[in-house]
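Okay, here's what each chain looks like letter by letter:
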Amino acid sequence: MTALLEARGLRLAFGGVRAADGIDLDVMQGEFLAIIGPNGAGKTTFINMATGYLRPQAGSIAYEGRPITGLSPRAIVRRGIARSFQLPQLFTEHTVLENAALAVAAREGIWSPLAPLLRPRWREEAAALLGSFGLAALADIRADALNEGARKLADIAMAVALRPRLLLMDEPTSGVAAAEKMGIVETLVRVLREARVTAVFVEHDMEVVERFADRVAVWSQGRIAALGPPARVLADPAVQREVIGIEKAGAPPVPAAGEGGHA
Ligand SMILES: Nc1ncnc2c1ncn2[C@@H]1O[C@H](COP(=O)(O)OP(=O)(O)O)[C@@H](O)[C@H]1O
Ligand SMILES: [Mg+2]
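Residues numbered from 1 in each chain as written. Chains lettered and ligands numbered in written order. Predicted model: local features only at pLDDT ≥ 70, side-chain atom pairs only at ≥ 80, totals over all residues.

Caption draft 1: Geometry of the pairing of strand β10 (residues 223-228). Pairing analysis gives five bridges linking strand β9 (residues 215-220) to β10, with the strands arranged antiparallel. Along β10, the bridge assignment pairs V216 with G228. Here β9 folds back onto β10, and the loop between the two strands holds two residues, one of which, Q221, carries a positive phi near 50 degrees. (Pairing = 2+ DSSP bridges. Helix = DSSP H or I, 4+ residues; strand = E, 2+ residues; numbered from the N terminus.)

As structure tokens, then:
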């Protein structure tokens, strides 16, 4: 297996807080890599650095063997990396179809809220994409009328419309009702596997991690404390004590600072 993304020695401090304190990570071609860890561990900061929303103060990131450190979010999207947000960044006054068509247009370099109204081809591709996510019935509903599960899927559909080879998802299941959660993850795993997209996702539900991740990385105070197959990592007493114990105690994920909008 070859590494698609290679992060080396990433450091970023906010005042005295070391949000990234020496992150070394290879994301392998084709894998689903889960990131777990308590709130404030630096999970979102890593995604922000890998997608151009934050610039590391030290270290480097390479994608497909070429440096991307310090590139803008749009330049990184053009290289083939997309992301979704903990709080979905949809255009609330537009329909789900229009949102998806906007993302298709953005892939072709047109970043305008009016774009989807102009080209039937974009709307057709958007409709097909929504179909693959099981969202066809919601295509004409305004984005602000969606429940959290559908909103998360719509946000991820927009990221997939950019045709990434690597997708980073920040808490794709947070805020989603327990009854809906597995169905949503199954849908997005199916779509991403079909499209051969490598995925990194921040996740608080250990059942989701165990079922869907090839590997799991445990974040702790800006560092990677453990990395490996879920069966081994989640059974590690230190991980259970420091991460899973906290998760079970149910500290709800708080919206992270430093999240921006879609590029
Ligand atoms: N843009 C920012 N400005 C200041 N502090 C930040 C910013 N982004 C993150 N932090 C801080 O960095 C630490 C790591 O945050 P974050 O990466 O959001 O953690 P996680 O996603 O694991 O909950 C936290 O202490 C957070 O408050
Ligand atoms: Mg976060």
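There's plenty left to go through after this.
Caption draft 2: Up close: the environment of A157. Position of A157 among the secondary structure elements: in helix α6 (residues 148-161). Note on A157: 25 C-beta atoms within 10 Å, which makes it buried. Linking A157 and L130, residues 27 residues apart in sequence, is a C-alpha distance of 6.9 Å. Not counting residues within four places of it along the chain, the set of residues in contact with A157 comprises A100, L129, L130, F133 and L135. (Buried ≥ 20, exposed ≤ 12 C-beta atoms within 10 Å, placed from the backbone. Contact = placed C-beta atoms within 7 Å.)

Caption draft 3: Geometry of the domain arrangement of the protein chain. Under the domain assignment, the protein chain is made up of domain 1 (3-89 + 162-249) and domain 2 (91-145). Each of domain 1 and domain 2 has a C-alpha centre, and these two points are 26 Å apart. Contact with domain 1, which involves four residues of that partner, is made by six residues of domain 2. When the residues that make up the side of domain 1 that touches domain 2 are grouped by side-chain class, the tally is two nonpolar, one polar and one charged. (Domains from an automatic or database assignment. Nonpolar A, V, L, I, M, F, W, Y, C, P; charged D, E, K, R; others polar.)

Caption draft 4: Examining the packing of helix α3 (residues 96-107) against helix α5 (residues 120-132) more closely. Here α3 crosses α5 at 115 degrees, and the two axes come no closer than 8 Å. The orientation of α3 relative to α5 falls into the category roughly perpendicular. Helix-helix and strand crossings are classified by hand; for α3 and α5 the assignment is right-handed. On the side of α3, the interface is formed by V96, L97, A100, A101, V104 and A105, while α5 contributes W122, R123, E125, A126, A127, L129 and L130. Tallied by class, residues from the contact of α3 with α5 come to 11 nonpolar, no polar and two charged. (Axes fitted to C-alpha atoms, helices over the stretch in contact; angles between N-to-C directions. Parallel < 35°, antiparallel > 145°, perpendicular 65-115°, else oblique. Left-handed = near helix turned anticlockwise from the far one by under 90°.)

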